[in-house]
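# Chains, contacts and geometry: an overview
Each chain, written out:
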Amino acid sequence: MGSKAFNSKKTNDKATKTNKVKGNKFKKSTSNDPDVLVNLPAGMKYKVPGKRQRVIIGSIVIGLNVLLVISVLVYFYNPAFQEFVYNFGR
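The rules behind these values
- Residues numbered from 1 in each chain as written.
- Predicted model: local features only at pLDDT ≥ 70, side-chain atom pairs only at ≥ 80, totals over all residues.
- Heavy atoms only, no water.
- pLDDT = per-residue confidence, 0-100.
- Helix = DSSP H or I, 4+ residues; strand = E, 2+ residues; numbered from the N terminus.
- Patch = residues over 30% accessible without salt bridge, like charges linked within 9 Å, V, L, I, M, F, W, Y side chains within 5 Å.
- Areas by Shrake-Rupley, 256 points an atom, 1.4 Å probe, with all protein chains shown as cover.
- Salt bridge = Lys/Arg side-chain N within 4 Å of Asp/Glu carboxyl O.
- Pairing = 2+ DSSP bridges.

Turning our eyes to something else, we now look at the confidence of the model for the protein. Confidence in the prediction for the protein averages 78 pLDDT; 63% of positions are at 70 or higher. Confidence scores differ between elements of the protein, with helix α1 (residues 2-19) showing the lowest mean pLDDT of 55 and helix α2 (residues 51-77) the highest of 96.

Before going further, it helps to spend a moment on a nonpolar patch on the surface. A cluster of nonpolar residues, L68, V69, V72, L73, F76 and Y77, forms a patch on the protein surface that exposes about 670 Å² of accessible area. Among the structural elements, L73 can be located in helix α2.

Below, the discussion takes up the pairing of strand β2 (residues 36-39). Taken together, the 3 bridges between β2 and strand β3 (residues 45-47) define a ladder with antiparallel strand orientation. Looking at β3, one finds that V38 is bridged to Y46. Between β2 and β3, which pair antiparallel and follow one another directly, the connecting turn spans 5 residues, one of which, A42, has a positive phi of 70°.

Next comes the structure, spelled out in structure tokens:
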């Protein structure tokens, strides 16, 4: 019986140690809503983005990457574009 009480005290100490956060202004969400990641000061909550928002942001990132690759290829293979970039940079 004495060992059970000791073990339960040990697990309670670990739980209280993990809950203490010193010097951190942001707290993990303790609400029942699984979409809330962090509760910010002034009642603001950072939530998981929805599917539509993830698709839009992903499309923008992939589109800009493709544009960058195409512009680099045009820069190396088209001397007129290379001269334009050189003069535009002045």
